[in-house]
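# Topology and contacts: notes
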Amino acid sequence: MKSLLKKVIKPFLPKYEVVCTTYQIIPGRPVNGNHQKHTFEKGASEEARKFYVKVVNSDMTKNMAPVEVHLKRRGKTIEKQHFGPVDELKKFNVVYKG
């Protein structure tokens, strides 16, 4: 009975994704923004949150500044963390790739 209930409810659960944007600055050129998107299946909130925390706490992420990490549910940002001068970079002409 529980498996049948899970099958019925699963299509209505939200979809989660973690988006990591790294910015690359080269003098005299537009700022490059690279997106890396990790999607999770519907209703996988615990796995998405664990992955988000793992990315935010990673030493590699902190050393690779400027970086912006978003946890999204149904396309809306739930949590956001940025390292480095991300707000100042968004004022410039940013070319997004990926």
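Let us look at the structure shown here. (Residues numbered from 1 in each chain as written. Predicted model: local features only at pLDDT ≥ 70, side-chain atom pairs only at ≥ 80, totals over all residues. Heavy atoms only, no water.)

### Regarding the environment of Glu68
- With respect to the secondary-structure elements, Glu68 resides in strand E3 (residues 67–73).
- Sequence spacing of Glu68 and Pro85 is 17 residues, and the spatial spacing of their C-alpha atoms is 9.8 Å.
- Of the polar contacts made by the side chain of Glu68, one reaches the side chain of Tyr23; its length is 3.1 Å. (Helix = DSSP H or I, 4+ residues; strand = E, 2+ residues; numbered from the N terminus. Polar contact = N/O pair within 3.5 Å; in protein donor to acceptor, adjacent residues only side chain to side chain.)

### Examining the pairing of E3
- Of all seven residues in E3, five are buried; the element is thus mostly enclosed.
- Where strand E1 (residues 16–24) and E3 come together, seven bridges link them in antiparallel fashion. Among the inter-strand pairings, Tyr16 is bridged to a residue of E3, identified as Arg73.
- As paired elements, E3 and strand E4 (residues 76–83) share seven bridges and run antiparallel to each other. Bridging across to E4, Lys72 finds its partner in Thr77.
- Counted between consecutive antiparallel strands, the loop separating E3 from E4 contains two residues, among which Arg74 sits at a positive phi close to 55 degrees. (Buried < 20%, exposed > 50% of the residue type's maximum accessible area, 1.4 Å probe, protein only. Pairing = 2+ DSSP bridges.)

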